[in-house]
Amino acid sequence: MPTEPTELVGMEMRILCLALSLQPFEKDTHHPWDASISRAKLAVTKLTRSQKEDMVMGTGWKGGPCTGHILPQQHIDFHGLCLQDSPMGVRFAANVTAFPSGVNVAATFDRNLMYEYGSAMGFEFRHVGANIQLGPMTNLFRAPAAGRNWEGPGGDPFLASISASQIVRGIQSHGVIATAKHFIANEQEHFRFDYSSNLDKKTLMEVYMQPFEACVRAGVASIMCSYNRLNQVYACANDELVNQILKGPEIDFKGFVMTDWDAHYSLLVSDMVMAGRDRNVSLALSVDDTEPQNIPESRLDDMVVRILSAYYHLGQDKGYPDIAFDSWEEKEKNVYNYDYRFKQHIPIARKLASASTILLKNEKGLLPLDASADGLVAVIGEDARRPHILNEFINRGGNDGTLAQGWGSGTAEFPYIVSPLEAIETHTRVISSVENNDLSKAKHVAASAKVALVFGNADSGEGGITVDGHEADRNDLKLWHNADELINAVASVNENTIVVLHTVGAVEMPWINHPNISAVVFALLPGQETGNALADVLFGKVNPSARLPFTIHNTITDYAAHVLYSSPDKIPQINYNEGLFFDYRHADKFGITPLFPFGHGLSYTSFKYSRLNVNRIDLHDSHSDLSIKLKVKNTGTFDGHEVIQLYVSFPEKALEPPKLLKGFDRVWVKSGETADVSLVLKKQDLRVWEGNGWTFVAGNYGIKVGASSRDLRLETVVQWG
């Protein structure tokens, strides 16, 4: 029986997380940053023009121990800024935690865990002296083969908004500046410095802007604009995008916009230029020849005020730790340090990894495994073993052994890694074969065991690094290193075959209907505790509750959008012609039956939903928030979490997809007991973009709750607006 989880944050935090609104700041209230802004404005009067210019231009790659730096101005209590990747741990530093990836965090569908993740990372960034964490990554799963999907929060803007904003809150709870990136419509790596993402205003505002807006509501201090163009204009030089929308009266972002390293920019738009190589190179990337020396003083002052406001608001002027790492110092490889300086975060890394392990299939009740049962367990595939050399590849730019991160700037050094093989060996008797190409040995081992666990993976990452012929974006959705053939070989000789996958996203599963494949475990990229977390799920210490944060289709042609791999154009054009209709929205619109739908994930127990009630919170307001209440009973024999998902169908005249995710909660229910579930559907989440602004559409709204986007248990219709 799984043990009831120990909550690292109290009930007060849970209530706060559920109550937080994505609504704009009310016009008649003070902004939370007012005092810091006033202080920053006073500090600016004490700076010379040259000092102000130093505050908006990075020192250049290797201009200090961090991946980016802003010089100090000690006389105004500004001690400089250390900017450091990544969204899942401190990059280029030894003895830090290699947490699960961003997509794993989204797969938990748990606001508290999202916050804990951000908080644990914020603690580590602060204690190594990094002022700014370059995360969370908030770009969406538009094209399933896109290289950096694994860093982000999945394929739905509502889920992405909650995940990213909770991570921001967690990071900044330690006084570290969080950075929401990459702003905006930056959903592939091919041509990443050159392409134009072309999309209409409704799609921009309702889909791709939503996670960034949510981060602003959460108080994010920094936003990184992206390399690409939006509708032919570079994002970091796009006046409408940044000055009118992001910093405009609706979203009202008070922090600073930094460029990605060596991005094209305008100083009339971007507030901080991160010189990737050196300042001279960065100056040449100005699209309008603006330099710090020739922009109006008022604009320069605004840039500095935004940077200082964030710095003062998060208290970095008093008692912030000194930098305690060097990105450029050569790190010793193949070192396993279980007693590293942040070992207190091992439990949260493990809990996040197990809470994000998705049980896709479990026929015959094969899982959980009984560790005391007779017979051997076969562990097969190179993804089950340790890498030959831990941290062998710079930026994790290689795929050897079990896969627990993708590659690129969104990575961290492993202090150690617990492989699936070694973790499973602590629970039961094991026989193994860990080479994918030796199918004869794999079949022999599988035939000798009562149960066969067979492993496969698929990797991807950031542009500039090519691994096994994949130039950042994956070439296809197939498993790597002969894994499909390996899985078929094992299943041909063992009727109790369990497939375990570590992947950066969706993969094709041509073997899924093999009669001997009884279970599929989809673990994504679980970080350093990968093996222990997997064993917790396999042997029932943890009852799986994770859900797919994207759709898995049978073939790549079933998806709405794809990576643009080639183009004859100097400026490749990526047209978001699918508009609002990608991921499950696309499947719903065109009647496509997915292999596994968005929100899908099994448990070792079963749940019954009942008594759905929907009421206005304010009976006198036709646009009131809605209270959604229901009961969920655990009708099985295991205690466990259930993830309740709320979908809304809009009136036809709103021109929205058939249904949209608008709420969720992960609830613990003991066997035989019933939980009361309460959700709030905010009116902010019922707005639609029409013409040049937000509006509400009056009519009948379908309110649907269930266990996935295709497993809706209860529904009703309400008149709203």
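Residues numbered from 1 in each chain as written. Predicted model: local features only at pLDDT ≥ 70, side-chain atom pairs only at ≥ 80, totals over all residues. Heavy atoms only, no water.

1. Notes on the packing of aromatic side chains
(1) Moving on: Scanning all chains against the criterion turns up 26 aromatic pairs.
(2) Moving on: Ring centres of F696 and W720 lie 5.5 Å apart, and the angle between their planes is 80 degrees; this geometry places the pair in the edge-to-face category. You can see F696 sitting in the loop between β25 (693-695) and β26 (699-708) and its partner W720 sitting in strand β27 (residues 711-720), a full 24 residues away along the chain.
(3) Moving on: Since its relative accessible area comes to 32%, F696 is described here as partly exposed.
(4) Moving on: If you follow R39 out to its NZ or CZ, it ends over the ring of Y312, 3.9 Å from the centre. (Phe/Tyr/Trp six-rings, centres within 6.5 Å; stacked < 30°, edge-to-face > 60°. Helix = DSSP H or I, 4+ residues; strand = E, 2+ residues; numbered from the N terminus. Buried < 20%, exposed > 50% of the residue type's maximum accessible area, 1.4 Å probe, protein only. Lys NZ or Arg CZ within 6 Å of the ring centre and 35° of its normal.)

2. Things to note about the packing of helix α7 (residues 201-208) against helix α8 (residues 210-217)
(1) Moving on: The interhelical angle for the contact between α7 and α8, taken along N-to-C directions, is 50 degrees, at an axis separation of 5 Å. As the angle between them shows, α7 and α8 are arranged oblique. Taking contact as the criterion, the partners of M205, E206, V207 and Y208 in α7 are, on α8, Q210, P211 and F212.
(2) Moving on: Looking at side-chain class alone, the contact of α7 with α8 contains 5 nonpolar, 1 polar and 1 charged residues. (Axes fitted to C-alpha atoms, helices over the stretch in contact; angles between N-to-C directions. Parallel < 35°, antiparallel > 145°, perpendicular 65-115°, else oblique. Contact = heavy atoms within 4.5 Å. Nonpolar A, V, L, I, M, F, W, Y, C, P; charged D, E, K, R; others polar.)

3. Digging into helix α15 (residues 483-491)
(1) Moving on: The buried fraction of α15 amounts to 7 of the 9 residues, a majority that puts the element mostly inside the structure.
(2) Moving on: Among all positions in α15, only A483, D484, L486, I487, A489, V490 and A491 are buried.
(3) Moving on: Of the surrounding elements, those touching the buried residues of α15 are β11 (377-380), α14 (439-447), β13 (451-458), β16 (497-503) and β17 (517-522).

4. Digging into the sheet that holds strand β20 (residues 626-634)
(1) Moving on: Spatially, 3 strands are ordered β19-β20-β23 in an open sheet, and the strand pairing comes out antiparallel. The two strands at the open ends of the sheet, each matched to only one other strand, are β19 (607-616) and β23 (674-681). Each neighbouring strand pair of the sheet contributes to a mean axis angle of 20 degrees, computed without reference to strand direction.
(2) Moving on: Of the strand pairs in this sheet, β20 and β23 are connected by 8 bridges, and their pairing is antiparallel. Paired with V632 across the two strands is A675, which belongs to β23. (Pairing = 2+ DSSP bridges.)

5. Topic: α8
(1) Moving on: Among the 8 residues in α8, 8 count as buried, and that is most of the element.
(2) Moving on: Taken together, the buried positions of α8 are occupied by Q210, P211, F212, E213, A214, C215, V216 and R217.
(3) Moving on: Looking at the residues trailing α8, positive phi occurs at G219, about 95 degrees.

6. Details of the pairing of β11
(1) Moving on: Burial along β11 is two-sided: V377 and V379 facing one way and A378 and I380 facing the other are all buried.
(2) Moving on: Note: β11 against strand β12 (residues 430-433), 4 bridges, orientation parallel. Paired with I380 across the two strands is S433, which belongs to β12.
(3) Moving on: Crossover connection from β11 via helix α13 (residues 420-425) to parallel β12: handedness right-handed. (Right-handed = clockwise from strand over helix to strand, strands pointing away.)

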